[in-house]
Amino acid sequence: MRYTKFKDISLSLLGMGAMRLPQEGEGWGLPIIHDQAEALIDYCMAQGINYYDTAYIYHNGESEVFLGKTLSKYPRDSYYVADKYNLPANADYKAQFEEQLERLQMDYIDFYLLHGISDDKVDEFLTNGCIEYFIEQKNKGKIKYLGFSLHATPPVLPKITARYDFDFAMIQLNYLDWHYGPAKELYNHLREKNIAIMVMEPVHGGLLAKLNNDECETMLKNAEPNRTIASWAIRFVADLPDITVILSGMSTIEQAKDNITIINENTPLSESDKALIFDVSTKLTKSIAVTCTSCKYCVNDCPQQLDIPTLLGVYNEYKTSGVWRLGRLKGLPEDKQPKGCTHCGICKPLCPQNIDIPECMQDMEKAME
């Protein structure tokens with residue numbers, strides 16, 4: 001496993017994200033399949049991955065409990081755990097932090113983040129007292145390193161980095177967001193501030209693992225027949241200077257094997273590779289209606305309990321391949337179809353990608369009629 005230097009410790013370049021662990025079915029809040037998930041963690045540990053990321057809301061709160069229990073059989077100094085304060089889930093940062101320590105069954109958390117700072121929440125994060133409290137916990141040794149994850153526009157980032165000398169930051173970075181999103185600007189600012197960069201969504205929530213554009217898939221397969229489509233995305237991020245950890249929400253050992261192989265190969269992208277990725281990004285941008293990463297942050301608070309990521313996946317198919325693609329939604333109960341959306345708008349501020357979810361639902365509802 002390749003490692004990077006972070007202060008006085010070494011971190012695996014590939015980190016394990018515990019947001020998409022094997023679970024019993026598709027959707028939000030379903031139980032983790034513990035034997036499969038434990039086997040996945042054991043495999044990652046055996047391969048030298050030492051960075052494990054969870055959060056208060058992942059797997060409806062079960063992720064923290066599972067990860068703490070599974071890692072407890074290993075020496076505490078053989079791995080590093082990242083966890084996050086989620087303001088919308090529970091604004092009481094003191095109660096949430098103590099609950100997280102209890103769930104993890106740990107005395108301290110190695111990497112602690114303000115979770116998913118967005119444009120509309122940044123001021124509350126910066127003024128509600130949570131930063132001062134977490135600094136206090138850091139001084140007590142209950143937090144080793146303090147950082148933040150960002151789902152905001154570039155103008156917000158300097159406001160955050162000016163507030164406190166954070167140890168690290170996590171941003172969404174992949175070749176699609178680099179060429180046609182804010183990733184490059186965010187990355188450059190963090191490098192200028194000498195803040196360690198952790199990467200989330202290197203495969204854009206799976207969007208860059210199975211492209212919705214046959215031409216793009218063919219382009220990548222013709223260039224490297226023996227590589228997976230996802231490997232291109234991992235290589236792109238790994239090729240950038242000053243990346244500390246690339247976080248991947250792996251669900252299977254096969255995904256882990258592929259990612260580990262790519263990381264360990266350490267094959268730099270050629271100029272022709274970079275040009276190809278740019279061409280693919282351009283074509284994908286034109287063919288993707290909404291850039292949903294299936295993070296599921298929108299699902300838990302939906303009054304109708306709609307499986308929004310799945311519906312948005314079908315929305316992309318509808319926009320790129322025709323209205324007939326909506327036919328498969330008719331197999332769902334009527335109240336779980338787009339017509340089940342009440343357009344309350346609760347989901348909109350929760351979406352890190354700023355997707356107008358009610359508008360998409362209304363568009364599909366009309367098309368299905």
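Coordinates for the structure precede this section.
We now turn to the structure provided with this report.

Reading the values: rules and limits
Residues numbered from 1 in each chain as written. Predicted model: local features only at pLDDT ≥ 70, side-chain atom pairs only at ≥ 80, totals over all residues. Heavy atoms only, no water. Helix = DSSP H or I, 4+ residues; strand = E, 2+ residues; numbered from the N terminus. Contact = heavy atoms within 4.5 Å. Core = buried A, V, L, I, M, F, W, Y, C linked by side-chain atoms within 4.5 Å. Buried < 20%, exposed > 50% of the residue type's maximum accessible area, 1.4 Å probe, protein only. Pairing = 2+ DSSP bridges. Axes fitted to C-alpha atoms, helices over the stretch in contact; angles between N-to-C directions. Polar contact = N/O pair within 3.5 Å; in protein donor to acceptor, adjacent residues only side chain to side chain. Parallel < 35°, antiparallel > 145°, perpendicular 65-115°, else oblique. Left-handed = near helix turned anticlockwise from the far one by under 90°. Nonpolar A, V, L, I, M, F, W, Y, C, P; charged D, E, K, R; others polar. Phe/Tyr/Trp six-rings, centres within 6.5 Å; stacked < 30°, edge-to-face > 60°. Lys NZ or Arg CZ within 6 Å of the ring centre and 35° of its normal.

What follows deals with the environment of Tyr315. With respect to the helices and strands, the residue Tyr315 is situated in helix α13 (residues 308-321). Between the C-alpha atom of Tyr315 and that of Val290, which follows or precedes it by 25 residues, the distance is 8.0 Å. Not counting the four nearest positions on each side in its chain, Tyr315 is found in contact with Ala289, Val290, Cys360, Asp363 and Met364.

Moving on, we get to the nonpolar core. The tendency in soluble globular proteins is for nonpolar side chains to be buried as a group. Core analysis: the biggest nonpolar cluster contains 89 residues, and Tyr52, Leu114, Phe134, Phe148, Leu173, Tyr175 and Ile243 have the highest contact counts within it. Looking at which element gives the most residues to this core, the answer is helix α10 (residues 229-238), with eight residues. Counting 23 residues, the second largest nonpolar core, distinct from the first, contains Val290, Ile308, Val314 and Ile357.

Within a sheet, neighbouring strands are paired by backbone hydrogen bonds and run either parallel or antiparallel to one another. In space, the eight strands of this closed barrel follow the order β3-β4-β5-β6-β7-β8-β9-β10, with parallel pairing throughout. When strand polarity is set aside, the average angle formed by the axes of neighbouring strands in this sheet is 30°. The pairing of strand β6 (residues 109-117) with strand β7 (residues 143-150) spans six bridges and is parallel. Bridging across to β7, Phe111 finds its partner in Tyr145. Each of β5 (80-85), β6 and β7 is contacted by helix α5 (residues 130-139), which is oriented at about 150° to β7, the strand it contacts most.

This part is about the pairing of strand β1 (residues 3-6). Side chains Thr4 and Phe6 project from β1 onto a buried face, and the interleaved Tyr3 and Lys5 project onto a face without burial. Pairing of β1 with strand β2 (residues 9-12), which is carried by four bridges, proceeds in the antiparallel orientation. Opposite Phe6, over in β2, you have Ile9 as the bridge partner. Counting the residues that bridge the hairpin from β1 to β2 gives two residues, and of these Lys7 lies at a positive phi of roughly 50°.

Time to look at the environment of Glu254. Inspection of the secondary structure puts Glu254 in helix α11 (residues 253-265). With relative accessibility at 56%, the residue Glu254 sits in the exposed group. Sequence-wise, Glu254 and Leu40 are 214 residues apart; in three dimensions their C-alpha atoms are separated by 9.4 Å.

In this section: the side chain of Ser12. Residue placement: Ser12 occurs in strand β2. From its side chain, Ser12 meets the backbone oxygen of Leu14 in a polar contact 2.8 Å long. Setting aside its immediate chain neighbours within four residues, Ser12 contacts Met1, Arg2, Tyr3, Gly48, Ile49, Asn50, Tyr51, Thr244 and Val245.

We now examine the pairing of β7. Of all eight residues in β7, seven are buried, a share of seventy percent or more. In this structure, β7 lies alongside strand β8 (residues 168-172), joined through four bridges in parallel fashion. Across the sheet, Phe148 pairs through a bridge with Ala169, a residue of β8.

In terms of backbone geometry, most residues other than glycine have negative phi values and most peptide bonds are trans. The backbone phi angle of His59 is positive, close to 50°, even though this residue is not glycine. Looking at the secondary structure, you find His59 in the loop between β4 (51-53) and α2 (62-71). Residue class for His59 comes out buried when judged on its relative accessible area of 5%. At Gln305, a residue that is not glycine, the phi angle is positive and equals roughly 55°. Mapped onto the elements, Gln305 comes out in the loop between α12 (271-287) and α13. With relative accessibility at 42%, the residue Gln305 sits in the partly exposed group.

Further remarks concern the packing of helix α1 (residues 34-46) against α2. In the contact formed by α1 and α2, the axes pass within 11 Å of each other and the chain directions differ by 55°. Here α1 is positioned oblique relative to α2, judged by the angle of their axes. Relative to α2, the crossing made by α1 is right-handed. Between α1, through His34, Ala37, Glu38, Ile41 and Met45, and α2, the contact on the second element is made entirely by Glu62, Phe66, Leu67, Thr70 and Leu71. Split into classes, the residues belonging to the contact of α1 with α2 amount to six nonpolar, two polar and two charged.

The full count for this structure, using the stated rule, is 22 aromatic pairs. When the ring of Phe97 is compared with that of Tyr133, the centres are 6.3 Å apart and the planes differ by 85°; the resulting orientation is edge-to-face. In this pair, Phe97 is assigned in helix α3 (residues 93-104) and Tyr133 in helix α5, connecting sequence segments 36 residues apart. Residue classification places Phe97 among the buried positions, given a relative accessible area of 0%. Residue class for Tyr133 comes out buried when judged on its relative accessible area of 10%. An angle of 65° between the planes, with centres 5.2 Å apart, marks the rings of Trp178 and Tyr187 as edge-to-face. By the ring-pair criterion, three or more aromatic residues cluster together here, those being Tyr85, Tyr93, Phe97, Tyr112, Phe125, Tyr133 and Phe134. Directly above the aromatic system of Tyr108 lies the positively charged group of Lys144, at a separation of 4.6 Å from the ring centroid. Here Arg235 stacks its cationic end above the ring of Trp232, 5.5 Å away from the centre of that ring.

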